[in-house]
Amino acid sequence: MPHRTLMSLNTLALSPSSQNLWRVVLIRLLVLLAQSISVMAAYLSGWFPLPWTPLLITLSVSAGVSILTLLRLRSSWPVTSVEYALQLLFDMAIHSVLLYYSGGPTNPFVSYYLVPLTIAAATLPWFFTAILAIVAVTSYSALLVWYMPLNAFEIPLAGGLINLHVIGMWLNFAMSAGLISLFVVRMADALRLHADRLAERREQSARDAQLLGIASVAAGAAHELSTPLSTMSVLLKEISKDYSDPQLQEDLTVLQEQVKLCKESLQHMVRSAEDSRRQPEKVQAGDEWLRAMLARWQLMRPEASWQLQPLPQEPAPLLRATPELGQGILNLLNNAADACPDNIQISLHWNSGQIILRIRDHGPGVPLHIAEQLGTAFVTTKGKKGFGLGLFLSQAAVSRLGGSVKLFNQDGGGTLTEVRLPVVTGEN
C-alpha cells in the first residue's frame, strides 16, 4: 500500500508537465502546418523570392523534433521543468531562423515570440520564464540587424493592391489569440488542479496524523478503563445485595446496565479494530445497515426519542460498511441526542450514485462564530462536556469512503446533518 501511494504521488506530481508538453507539441504542429502552407503558397505564387532550401530544412527539423518528442512522451520518463523550458526555447530558435530568411522584423509574424513566452509565464517558474524572455528580446534585437529582407508586401489582385503585411499581422494576431485562449488557459488550469490535489493530499496526511494520535490515546484509554469498569461492576452487585430499597435497586440496575454497556463498547472497539485489520470492509444494503446502526444506538441512548422516516420502495443500494463508518454515524446520532434528545428525525434516500442519510434535531443549532471550525479536532459546541472529536472522526471516516458530512442550521431551530456516501457498484 505505501508503494502504491508513492507511485500515485509521483504520477500526480509529473502529470501536469507531461500534459502541457503534449499541448506544446500540438501547438508546434499547428504552427508548423501554417508555416508550411505559407511557404508553399509563396513558392507556387512566385510573390516572394525566398531561400527555399534553408526554409525547408528548418521546417523539417521542427517536424523531426516534434515526432521525437511525441515518441518520448509515450515513455514513463518524468518531464522536468528544464526539458519543458528547452522545448519552448527550441520553438523560439526555429521561429528566429524562419524570420531570418523571411524578412526579419518586417515579417508580420515576428510578434509570435509572445506565444511561447506566455506559455512559459503560465506554466514555468519565474527563473525559466526570465531566461526565455531574455532569449526572445535578444533574438528580436538581433533580427533588427541581421536578416534577409523581402522585396515587397503589396501584390496586384483584382485590379488593386493587397497589402500582405497587414493581412499577415491580422493572421498572426488571430492565431496567437486562439492559441493563448485554447491552450495556455488549459495549461494554467492543469497546474492549478495539480496544486489543489497536492493541497488535499497534504490536508489528508495531516488529518491521518491526527487520527493516528487519537487512536493511540484511545487504545491506551480502553486498556486503562477495563479495570475500573470491572471494579464498578463488582461493587454494584455487592451494593445491590446489601440494600433492598426499591428505588435504590432501580438506580443500581440502571448503573449496572450502563457499566455493562461501557464494557461492551470497549470490547466492540477492540473487535472492530481486529476485524478492520483482517477484513477492512464489507458490503451491505443501505437500509439494513441503518436499521442495525439504530438498534445499537437505541441501547446506547435509551432516553432519546427518534423516528425513522419511511424508506423508498425500491431496493436500497449497497455501501461499504466499515467499522469506522459505523462509529462515525453513531457519533453524529449522539451529537443530535446531546443537542436535543426529543423528536430526532432520521431519513435515508438514495439515487444511482449516492446514499443520503439525514439526521434532524431540534437543539440550539450551530453557533455562527464556530460554524467554519466544526469538524476540526477539539472544536466542540458542548463546552466542557465535549471533547471535540465526534464530528472530526465522523468526517474522517466518511471522507475515506469518498463521501461527505455537512451541517445546516434550520429555520425552525436545530441542526440538519447530511451524510452522503457513494454507492457500491460492480465497477468499484
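The rules behind these values
- Residues numbered from 1 in each chain as written.
- Predicted model: local features only at pLDDT ≥ 70, side-chain atom pairs only at ≥ 80, totals over all residues.
- Heavy atoms only, no water.
- UniProt positions renumbered as here; feature names shortened; annotations may be inferred.
- Helix = DSSP H or I, 4+ residues; strand = E, 2+ residues; numbered from the N terminus.
- Phe/Tyr/Trp six-rings, centres within 6.5 Å; stacked < 30°, edge-to-face > 60°.
- Buried < 20%, exposed > 50% of the residue type's maximum accessible area, 1.4 Å probe, protein only.
- Polar contact = N/O pair within 3.5 Å; in protein donor to acceptor, adjacent residues only side chain to side chain.
- Contact = heavy atoms within 4.5 Å.
- Core = buried A, V, L, I, M, F, W, Y, C linked by side-chain atoms within 4.5 Å.
- Patch = residues over 30% accessible without salt bridge, like charges linked within 9 Å, V, L, I, M, F, W, Y side chains within 5 Å.
- Areas by Shrake-Rupley, 256 points an atom, 1.4 Å probe, with all protein chains shown as cover.
- Salt bridge = Lys/Arg side-chain N within 4 Å of Asp/Glu carboxyl O.
- Pairing = 2+ DSSP bridges.
- Expected span 1.5 Å × (residues − 1).
- Arc of directions from axis to C-beta.
- Axes fitted to C-alpha atoms, helices over the stretch in contact; angles between N-to-C directions.

- Looking up the protein in an unreviewed UniProt entry gives the name histidine kinase, with the organism given as Halopseudomonas aestusnigri.
- The annotation that UniProt attaches to the protein under Catalytic activity (unreviewed entry) is "ATP + protein L-histidine = ADP + protein N-phospho-L-histidine."

**Let's talk about the UniProt feature "transmembrane region" (unreviewed entry) in the protein**
Part 1: Within this numbering scheme, the UniProt entry marks residues 21-44, 50-71, 83-101, 113-137, 144-164 and 170-188 as carrying the feature "transmembrane region" (unreviewed entry).
Part 2: Between the C-alpha atoms that bound residues 83-101 the distance is 28 Å, and the span itself is 95% helix and 0% strand.
Part 3: Here residues 113-137 runs as 88% helix and 0% strand, with 9 Å between its end C-alpha atoms.

**Quick notes on the packing of aromatic side chains**
Part 1: If you walk through the whole model with that rule in mind, you get five aromatic pairs.
Part 2: Judged by centre distance (5.6 Å) and plane angle (75 degrees), the ring pair of Phe-127 and Phe-128 falls under edge-to-face.
Part 3: Consider the rings of Trp-297 and Trp-306, whose centres lie 6.3 Å apart with planes at 50 degrees: the pair is tilted.
Part 4: Trp-306 gets classed as partly exposed once you look at its relative accessible area, which sits at 27%.

**A look at the side chain of His-95**
Part 1: By secondary structure assignment, the location of His-95 is in helix α3 (residues 81-100).
Part 2: A distance of 3.0 Å separates the side chain of His-95 from the backbone oxygen of Phe-109, its partner in a polar contact.
Part 3: With sequence-adjacent residues up to four places away left out, His-95 is seen in contact with Gln-35, Phe-109, Val-110, Tyr-112 and Tyr-113.

**Notes on the nonpolar core**
Part 1: Counting residues in each nonpolar core, the largest one holds 31 residues, and the members touching the most others are Trp-289 and Ile-329.
Part 2: Counting residues per element, the ones that place at least two in this core are α8 (286-300), α9 (323-339), β6 (344-350), β7 (354-360), α10 (390-400) and β9 (415-422).
Part 3: No other element matches α9, which puts seven residues into this core.
Part 4: Excluding its chain neighbours within four sequence positions, the residues that come into contact with Trp-289 are Gln-284, Leu-319, Ala-321, Leu-325, Ile-329 and Leu-421.

**Observations concerning a nonpolar patch on the surface**
Part 1: A surface patch of nonpolar side chains, amounting to about 610 Å² of accessible area, comprises Tyr-100, Tyr-140, Leu-144, Val-145, Trp-146 and Met-148.
Part 2: Inspection of the secondary structure puts Trp-146 in the loop between α5 (126-143) and β1 (154-157).

**Description of the pairing of β7**
Part 1: In terms of burial, β7 is a largely internal element, five of the seven residues being buried.
Part 2: The pairing of β6 with β7 spans six bridges and is classified as antiparallel. Paired with Ser-347 across the bridge in β7 is Arg-358.
Part 3: Here seven bridges tie β7 to β9, and the two strands are oriented antiparallel to one another.

**Some remarks on helix α2 (residues 52-73)**
Part 1: Here α2 contains 22 residues, and its C-alpha end-to-end distance of 32 Å stays within 8% of the 32 Å for a straight helix at 1.5 Å per residue.
Part 2: Along α2, the residues that are buried comprise Leu-55, Thr-58, Leu-59, Ser-62, Ser-66, Thr-69, Arg-72 and Leu-73. Along the long axis of α2, the arc covered by the buried residues comes to 145 degrees, so they all point the same way. Seen from the open side of α2, the exposed residues pointing more than 90 degrees away from its buried face are Thr-53, Ile-67, Leu-68 and Leu-71.

**As for the sheet that holds β9**
Sheets are built from strands that pair by backbone hydrogen bonding, the pairs being arranged parallel or antiparallel.
Part 1: Here we have five strands laid out as an open sheet, ordered β4-β6-β7-β9-β8, and mixed in their pairing. Each edge of the open sheet carries a strand with a single partner, namely β4 (306-308) and β8 (404-409). Adjacent strand axes in the sheet meet at a mean angle of 15 degrees when their direction is disregarded.
Part 2: Relative to β6, β4 runs parallel, the two sharing three bridges. Residue Trp-306 lies in a different strand from β6, and its bridge partner there is Ile-344.

**Things to note about the pattern of salt bridges**
Part 1: For the coordinates displayed, the defined rule picks out seven salt bridges.
Part 2: With a shortest N-O distance of 2.5 Å, Asp-91 and Arg-28 are connected by a salt bridge. In this pair, Asp-91 is assigned in helix α3 and Arg-28 in helix α1 (residues 2-45), connecting sequence segments 63 residues apart. Arg-28 shares its class with Asp-91; the two are buried.

**Points about the environment of Glu-418**
Part 1: With respect to the helices, strands and loops of the structure, Glu-418 is situated in strand β9.
Part 2: Note on Glu-418: relative accessible area 9%, which makes it buried.
Part 3: A sequence separation of 70 residues divides Glu-418 from Leu-348, and the C-alpha atoms of the two residues are 9.9 Å apart.
Part 4: When neighbours within four sequence positions are excluded, Glu-418 is seen to be in contact with Ile-356, Leu-357, Arg-358, Ser-404, Val-405, Lys-406 and Phe-408.

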